[in-house]
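Structural description and commentary
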Amino acid sequence: MIEAMSISPIITPASTDQEKKLAAAAAAKNSKYKLDPEEFGPLEDPRYLYVQNHPPGKELPPDVEDLPPYYVFITTYICYLVLIVVGHIRDFFARHTNTGNASDLKEHDGYAPLFSDFDSFYTRRLKHRLTDCFNRICYGVPGRFIKVRDRYSEDFFYTFKYPGTLSSCLNLSSYNYLGFAQSVGQCTDAAELAVRENGTISPGVRASGGTSLMHLETERIVADFVGKEDAAVFSMGYATNANIFATLVDKNCLVISDELNHASIRFGVRVSKAVIKIFQHNDMDSLEKLLREQISQGQPRTHRPWKKILVVVEGLYSMEGTMCNLPRLIELRNKYKIYLFVDEAHSIGAMGKNGRGVCDYFSIDPSNVDILMGTLTKSFGATGGYIAGDKTVIDCIRSQNMGNLYAESIAPPVLAQIQSSLKTISGEVRPGEGQERLQRLAFNSRYLRLGLHRLGYIVSGAEDSPIIPLMLYHPAKMPAFSRLMLERKIAVVVVGYPATPLTSSRVRLCVSAALTKSDLDRLLFAIEECGTRLRLKMSQATDKNGQLYRWSFENATRNLVEDVHKDWSTL
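Predicted model only: the values in this text are computed from it and were never measured. (Residues numbered from 1 in each chain as written. Predicted model: local features only at pLDDT ≥ 70, side-chain atom pairs only at ≥ 80, totals over all residues. Heavy atoms only, no water.)

1. A look at the environment of Gln547
- By the element assignment, Gln547 lies in the loop between helix H16 (517–534) and helix H17 (553–558).
- Remark: the alpha-carbon pair of Gln547 and Asp66, spanning 481 residues in sequence, is separated by 15 Å.
- Excluding residues within four positions of it along the chain, Gln547 makes contact with Ala541 and Thr542. (Helix = DSSP H or I, 4+ residues; strand = E, 2+ residues; numbered from the N terminus. Contact = heavy atoms within 4.5 Å.)

2. Quick look at the environment of Leu49
- Along the chain, the position of Leu49 falls in the loop between strand S2 (32–33) and helix H2 (70–96).
- In sequence terms Leu49 and Arg437 are 388 residues apart; their C-alpha atoms lie 8.8 Å from each other.
- Discounting chain neighbours no more than four positions away, the residues touching Leu49 are Leu43, Glu436, Gln439, Arg440, Phe443 and His565.

3. Let's talk about the pattern of salt bridges
- One pass over the full model with this rule turns up 31 salt bridges.
- The salt bridge involving Arg47 is made with Asp45; its shortest N-O contact spans 3.4 Å.
- Classification of Arg47 by relative accessible area gives partly exposed; the value is 41%.
- Its relative accessible area of 21% is what places Asp45 among the partly exposed residues.
- With a closest N to O distance of 3.6 Å, Asp285 and Arg328 form a salt bridge. Of this pair, Asp285 sits in helix H8 (residues 284–297) while Arg328 sits in helix H9 (residues 326–336), and the two are 43 residues apart along the sequence. (Salt bridge = Lys/Arg side-chain N within 4 Å of Asp/Glu carboxyl O. Buried < 20%, exposed > 50% of the residue type's maximum accessible area, 1.4 Å probe, protein only.)

4. Some remarks on the sheet that holds strand S7 (residues 253–258)
- Sheet architecture is open: seven strands sit in the order S6-S12-S11-S10-S9-S7-S8, paired in mixed fashion. The open sheet terminates on both sides in strands that have one partner only, identified here as strand S6 (230–234) and strand S8 (275–279). If you compare each strand with its neighbour and ignore which way they point, the axes differ by 20° on average.
- In terms of strand pairing, strand S9 (residues 308–314) meets strand S10 (residues 339–343) through five bridges, oriented parallel. The partner of Leu310 across the bridge, within S10, is Tyr339.
- On top of the sheet, H8 reaches S7, S8 and S9; it is set at about 150° to S8, its chief contact. (Pairing = 2+ DSSP bridges. Axes fitted to C-alpha atoms, helices over the stretch in contact; angles between N-to-C directions.)

5. Things to note about the pairing of strand S12 (residues 385–389)
- Of all the five residues making up S12, five are buried; the element is thus mostly covered by neighbouring parts of the structure.
- Here S12 shows a buried face lined by Gly385, Ile387 and Gly389 and a second buried face lined by Tyr386 and Ala388.
- Of the strand pairs in this sheet, S6 and S12 are connected by five bridges, and their pairing is antiparallel. Looking at the pairing, Phe234 lines up with Gly385 of S12.
- Across four bridges, the pairing between strand S11 (residues 371–375) and S12 is antiparallel. For Met373, the partnering residue across the bridge sits in S12 and is Ile387.

6. Some thoughts on the confidence of the model for the chain
- Per-chain confidence: the chain averages 89 in pLDDT, with 93% of residues scoring 70 or above.
- Ignoring residues within four places in sequence, the model shows residues 1–16, a span with pLDDT below 50, making 40 contacts including any to other chains.
- Here residues 18–32 is a poorly scored stretch, pLDDT under 50, and it has 10 contacts once near neighbours within four places are set aside; other chains count. (pLDDT = per-residue confidence, 0-100.)

7. Section: the nonpolar core
- One finds Val311, Leu326, Leu452 and Phe481 to be the most contacted residues of the largest nonpolar core, which totals 120 residues.
- Of all the elements, helix H14 (residues 433–455) adds the most residues to this core, at nine residues.
- Ignoring anything within four residues of it in the chain, the contact list for Leu452 reads Tyr457, Val459, Ile468, Leu470, Leu509, Leu524 and Ile527.
- Phe234, Ile244, Cys253 and Val255 belong to the second largest nonpolar core, which has 19 residues in total. (Core = buried A, V, L, I, M, F, W, Y, C linked by side-chain atoms within 4.5 Å.)

Here's what the structure looks like:
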């Protein structure tokens, strides 16, 4: 069981027999520890484990979008239309009546306007109304529960007042897939030992005095974990993507990117000055058509062959919960002799029966992917990112990449956290614990997704994805849902434009292995209450009898545990 496991205490070398006896006694006393249930819930039943068993090399079925009735889209557009019209009317009268709210939109005291009403319209007229749902002050470890500082506003969210109390909320808002964000446990002890032995910071950049033995050891562990020859680690995940493409491609190269790739990828590709083409999300036919066209036409103006063609996708998409179609991508890579870059920021540690990402999930040899990128935050409770590939490529990155030449190197306690979490997943440290965490995450993800589906909500993404977007659509439902859930001591993240399309506002539920089955039942019950009140049951999916999924909470959860372990295509 995870809640009570042996741990090797941190002790200094004993020089006498008496000191050795005292050290042995202390070790025996502290040989067991219990995880804080506020941070990591106990496993309530062995049935609440699931092993991901996707057939080797089989493509995922095409994404079938569960669209709501047309009136939902019509009323959503009407909501935005009313917001825009009323907002501009208020801005017009504010500028002509010299109200204080419009001072930044007008010239005053000889200064130009701070910003135009058009550029700041969304921030002032929509985001400001949701300010209480964003930037909430949190304390402590983002584990099973998270402590949120209570606040209220008396001036329509321009300022907040704090009564000085905290609320312990069930945490569905943090990326902590395997629950390694803990204040107790082997990772915490390893980080503490690293501070004692190596201090709290690294002395400089990696290329100039900032590389230690811990960095080299961490890179070896990462490379072994993802199945590549070598790896390079960086201190920030966003910066890893932002800097890497300038090393891989130049103006004579072509980068073909999925339309829903992360902003860090888009920024990094622009910096590289490579030619950029976009293909429809997860549409392999669209990608192949684009490849054939670009190979035949070559570079603009000169029509010379491309120096390099790099296809960039994400393993698991953070807003949709969908996965890349890796088997088909490998097929296209081999057919057209292109290079493949997979961003595994959300899939590494969370997908595959061994937690080694999308290659593990599809049972595909990692050698079929040229570059594997990932972050060390979401599943490992640390910070930073990595690039893994052939040794010649990684050596080139080490010598030329700006993140290696100018950015600070990862601190020793963070490196210790990375090493300990990776060794736990692979079974080198505490055999069995890593597999239990993986199986708990897989069960929790499927349990929550299937439960929401049966209740009648629109959820998107792959069956095994720990990211579960629940669609809201109407902009006014974002703050309403967030506030109702906070009243029930549940922390969630609502997302809207521009992070999503205008009519696709949603709440993004981030599942963790730290949650228990009872926590998920509590969450489903709370969503059922709030969703019924806000009329969020808009799914058009039907059961075997042709009836819309609108099951009651009792019926939806009655056989839910057993159905999690079944093939959903047969349900």
